[in-house]
Amino acid sequence: MSPRWNPNPDVRTGRHVVYNLHVHLVFVTKYRRKAFTDAMLTRTEEIMRDVCTDFEAELKQFNGEQDHVHLLVHYPPKVQLSKLVNSLKGVSSRRLRQEYDNHVRRYLWGGHFWSGSYFAGSCGGAPLTVVKQYIENQQRPTG
């Protein structure tokens, strides 16, 4: 590598790819019930960190409130985001119901923990206006 190269820890490489993919995920409890305690949020972070590791992804940031959680995940391009989300929600729901059964049953019923929907927003990198301008200014060959 060039001595001028300052490696960015967020830019990862694979055999045929260089990538820097981050996603902001938000999961809401079913019916927006205020089911989370501080201990449950701590345990949820541990569970979700393990699931991300299984997908070769990294949970960069995690936090939440009584009725929702926010995640910042750095993931490889081979991971289908919908499969990662399904695994994060499914595993965490199952484990939280096993470990905090009495507490969860007071707020949630019917075998559900998470709402069926979620928010996913791409983030990181240059703003869209900068990327658009960069693409516009490419030296297109004439003729």
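- The name given to the protein chain in an unreviewed UniProt entry is IS200/IS605 family transposase, with the source organism recorded as Streptomyces aureus.

### Thoughts on the sheet that holds strand β6 (residues 114-123)
Stage number 1. Pairing is antiparallel in the open sheet, where four strands are placed in the order β4-β5-β3-β6. Each having just a single partner strand, β4 (58-64) and β6 make up the two edges of the open sheet. Across the sheet, the mean angle separating the axes of adjacent strands is 20° when strand polarity is ignored.
Stage number 2. Of the pairings in the sheet, the one linking strand β3 (residues 22-29) to β6 comprises seven bridges and is antiparallel in character. Looking across to β6, one finds that V26 is bridged to F119.

### Topic: the pairing of β4
Stage number 1. Where β4 meets strand β5 (residues 68-74), six bridges bridge the pair, whose relative direction is antiparallel. When the sheet's bridge partners are listed, N63 is paired in β5 with H70.
Stage number 2. Counted between consecutive antiparallel strands, the loop separating β4 from β5 contains three residues.

### A closer look at the pattern of salt bridges
Stage number 1. This structure, assessed with the given rule, holds eight salt bridges.
Stage number 2. Note that E58 is salt-bridged to R12, the shortest N-O span being 2.8 Å. With E58 in strand β4 and R12 in strand β1 (residues 12-13), this residue pair connects regions lying 46 residues apart in the sequence.
Stage number 3. One salt-bridge network, in which partners are shared between bridges, spans R12, E58 and K60.

Definitions and cut-offs
Residues numbered from 1 in each chain as written. Predicted model: local features only at pLDDT ≥ 70, side-chain atom pairs only at ≥ 80, totals over all residues. Heavy atoms only, no water. Pairing = 2+ DSSP bridges. Helix = DSSP H or I, 4+ residues; strand = E, 2+ residues; numbered from the N terminus. Axes fitted to C-alpha atoms, helices over the stretch in contact; angles between N-to-C directions. Salt bridge = Lys/Arg side-chain N within 4 Å of Asp/Glu carboxyl O.

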